[in-house]
Amino acid sequence: TGKRAFIAGVADDNGYGWAIAKSLAAAGAEILVGTWVPALNIFESSLRRGKFDESRKLPDGSLMQITKVYPLDAVYDNPEDVPEDVKTNKRYLGSSNWTVEEVAQSVKQDFGSIDILVHSLANGPESTFLEQVTKPLLDTSRSGYLAAISASSYSFISLLKHFAPIINPGGASISLTYIASERIIPGYGGGMSSAKAALESDTRVLAFEAGRKHKVRVNTISAGPLRSRAAKAIGFIDMMIDYSSANAPLQKELSAEEVGNAAAFLASPLASAITGTVFYVDNGLNAMGVGV
Ligand code: NAI
């Protein structure tokens, strides 16, 4: 209660970012979100038109309020980084101040500080990404690999770097990862498995650095499969959900809300000694050695 959260990577009501926003709102936090620039118009108009009202419902019957939606492209740190073709792209022309550094500045101007930073984004849904993510690592191009790391791993470093100065001491940051970082998950390609491995390693190093410098905790949630927009794009999500239901210790489908609730716990004072961890919210599938 009384906390303010910035959640990067919310553009509809299907993904983990939305569910985390809801769990934090239910716990009394004020919600700010960062939405990928090309998805901003549809998200804001859907919000306004009430398309998400059903899924905005909180346990007490009220509707989640999103205090402000910021356009964000986490692949760019500041305006000097933005290539000309993106600057002049008509999907970007209508928005301003959407690089990571500018968003952090805007949040600082608008609200002064935050308590919770959530990174719930992975490589964008552009066609180049879709082409890459379905590729085996052996067939991944250098540029595809670097793009995966840039959007899915460095984006967290950049967000934490620019937001840490305005995160109140005792605050928390959380990202989302996937077990393909540590076990072979055929089909999670294009360098995404590598990107998640980097994200998990960075979680430990950043926990040390941000802990010492800002008294901010850094954790990542290794989530089980969810039928989000991004996951549907990868293409094998139904198979992964069926595999988990068949083989995990808990034989039920994972709901986004379960991940949202774990994130609310990790962001709360209940988790005040937890930092640098990979926190599994996957019905226990990670603990299995063989499927039975
Ligand atoms: P999602 O599609 O709801 O979320 C991804 C979001 O990232 C989208 O809103 C997209 O617009 C945004 N995004 C992409 N590129 C961006 C950029 N350059 N700048 C700003 N925003 C950008 O999908 P989902 O699955 O909820 O993904 C959230 C996180 O959860 C990701 O890190 C994903 O890897 C992770 N995860 C997902 C699992 C699943 O089965 N869905 C399993 C384990 C982890």
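Here the structure is a predicted model, which means the values were calculated and not measured.

Trainee: Honestly, the sheet that holds strand 4 (residues 114–119) in this entry has me stumped. Any pointers?
Mentor: Across a sheet, strands are paired by hydrogen bonds formed along the backbone, either parallel or antiparallel in direction. Spatial ordering of the open sheet is given by 3-2-1-4-5-6-7, a layout of seven strands whose pairing is parallel. Looking along the sheet, the strands with just one partner apiece sit at the ends: strand 3 (66–72) and strand 7 (278–281). When the angles between neighbouring strand axes are averaged without regard to direction, this sheet yields 20°. Of the pairings in the sheet, the one linking strand 5 (residues 167–177) to strand 6 (residues 217–223) comprises six bridges and is parallel in character. In the strand pairing of strand 6, Ser 175 is matched with Thr 220. Relative to the sheet, helix 6 (residues 100–111) contacts strand 1 (4–8), strand 2 (30–36), strand 3 and strand 4, its axis offset from that of strand 3 by approximately 155°.

Trainee: Before we go on, may I ask you to explain the pattern of salt bridges in this structure?
Mentor: Any two side chains of opposite charge can pair, on the condition that their charged atoms come close. This structure, assessed with the given rule, holds seven salt bridges. The salt bridge partner of Asp 53 is Arg 56, with a shortest N-O separation of 2.9 Å. With a gap of three residues between them, Asp 53 and Arg 56 both fall in helix 3 (residues 53–56), about one helical turn apart. Residue classification places Asp 53 among the partly exposed positions, given a relative accessible area of 29%. For the salt bridge of Lys 57 with Glu 54, the shortest nitrogen-to-oxygen distance reads 3.7 Å. By relative accessible area, which is 41% here, Lys 57 ends up partly exposed.

Trainee: I would appreciate a short explanation of the environment of Gln 132 in the present structure.
Mentor: Checked against the element boundaries, Gln 132 lands in helix 7 (residues 127–133). A relative accessible area of 10% places Gln 132 in the buried class. Here Gln 132 is in contact with Thr 140, Ser 141, Gly 144, Gly 189 and Gly 190, once residues within four sequence places are set aside.

Reading the values: the criteria
- Residues numbered from 1 in each chain as written.
- Predicted model: local features only at pLDDT ≥ 70, side-chain atom pairs only at ≥ 80, totals over all residues.
- Heavy atoms only, no water.
- Pairing = 2+ DSSP bridges.
- Helix = DSSP H or I, 4+ residues; strand = E, 2+ residues; numbered from the N terminus.
- Axes fitted to C-alpha atoms, helices over the stretch in contact; angles between N-to-C directions.
- Contact = heavy atoms within 4.5 Å.
- Salt bridge = Lys/Arg side-chain N within 4 Å of Asp/Glu carboxyl O.
- Buried < 20%, exposed > 50% of the residue type's maximum accessible area, 1.4 Å probe, protein only.

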